[in-house]
Amino acid sequence: GQNIDQPTEMTATEGAIVQINCTYQTSGFNGLFWYQQHAGEAPTFLSYNVLDGLEEKGRFSSFLSRSKGYSYLLLKELQMKDSASYLCAVRDPSNYQLIWGAGTKLIIKP
Amino acid sequence: DAEITQSPRHKITETGRQVTLACHQTWNHNNMFWYRQDLGHGLRLIHYSYGVQDTNKGEVSDGYSVSRSNTEDLPLTLESAASSQTSVYFCASSGETGDEQYFGPGTRLTVT
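Residues numbered from 1 in each chain as written. Chains lettered and ligands numbered in written order. Predicted model: local features only at pLDDT ≥ 70, side-chain atom pairs only at ≥ 80, totals over all residues. Heavy atoms only, no water.

**Comments concerning the pairing of strand β3 (residues 19-25) of chain B**
Residues and elements named next belong to chain B. Of the two faces of β3, the one holding Val19, Leu21, Cys23 and Gln25 is buried and the one holding Thr20, Ala22 and His24 is not buried anywhere. In this sheet, β3 lies alongside strand β1 (residues 4-7) in antiparallel orientation, the contact comprising four bridges. The partner of Thr5 across the bridge, within β3, is His24. As defined by bridge partners, β3 adjoins strand β8 (residues 76-78) across three bridges and the pair is classed as antiparallel. Of the residues in β8, the one forming a bridge with Leu21 is Leu76. (Buried < 20%, exposed > 50% of the residue type's maximum accessible area, 1.4 Å probe, protein only. Helix = DSSP H or I, 4+ residues; strand = E, 2+ residues; numbered from the N terminus. Pairing = 2+ DSSP bridges.)

**Quick notes on the state of the cysteines**
Applying the stated criterion across every chain, the model contains two disulfides over all chains. Paired by a disulfide, A:Cys22 and A:Cys88 hold their sulfur atoms 2.0 Å apart. Handedness here is read from the sign of the S-S torsion; for A:Cys22 and A:Cys88, about -65°, the answer is left-handed. Placement of A:Cys22 in strand β3 (residues 18-25) and of A:Cys88 in strand β9 (residues 84-91) is noted, with a sequence separation of 66 residues between them. Summarising the burial analysis for this pair, A:Cys22 and A:Cys88 share the class buried. B:Cys23 shares a disulfide with B:Cys91; S-S distance 1.8 Å. The disulfide joining B:Cys23 to B:Cys91 has a torsion of about -70° about its S-S bond and is therefore left-handed. Of this pair, B:Cys23 sits in strand β3 while B:Cys91 sits in strand β9 (residues 87-94), and the two are 68 residues apart along the sequence. B:Cys23 sits in the buried class, given a relative accessible area of 2%. (Disulfide = S-S within 2.5 Å.)

Laid out in structure tokens, this is it:
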């Protein structure tokens, strides 16, 4: 079966660092995506990993370990506008469709 | 600027009625997708299309249909709306198969 797990909710402080984890058990793997979704809005693309290691993009970084079925999204210097849900999705190599986790709601406190 | 739009943004309908949700993109993308998003669930794929005249069923396609007569549009039809279809519906597109997807603003559908 296909399963993607993320924590339901996390809380962090403005200016701090937070790590959002995603673990997956899927029948195949062809890349992992992270999206950000503000309440009432559409998801927007943040990052993509297909090889093991860390991809850095400004304040956001994403890490992948294929052998462990594990990824994380690291957000640095948190700002209030980072309050959003963060969605992890794995690409199925059989049809190139995305299998989505339920998302992690991140709450930033002053 | 290229964009993807959905209409209507909000819709209330009655059980048993046929409903069509519109999706229009100006990215000139071949790939288009319909998802539904419900609390506690990830985005679930309803139907997708890789090009004109191509349509494919996703994970939760029962009760829904799509047609692709041109590159820009992929309307989603609920043949006979049911209360279980109350949800937020997102349309998305991508340029190449497997690339990141660009999402429309969503349609909130309530079936009473």
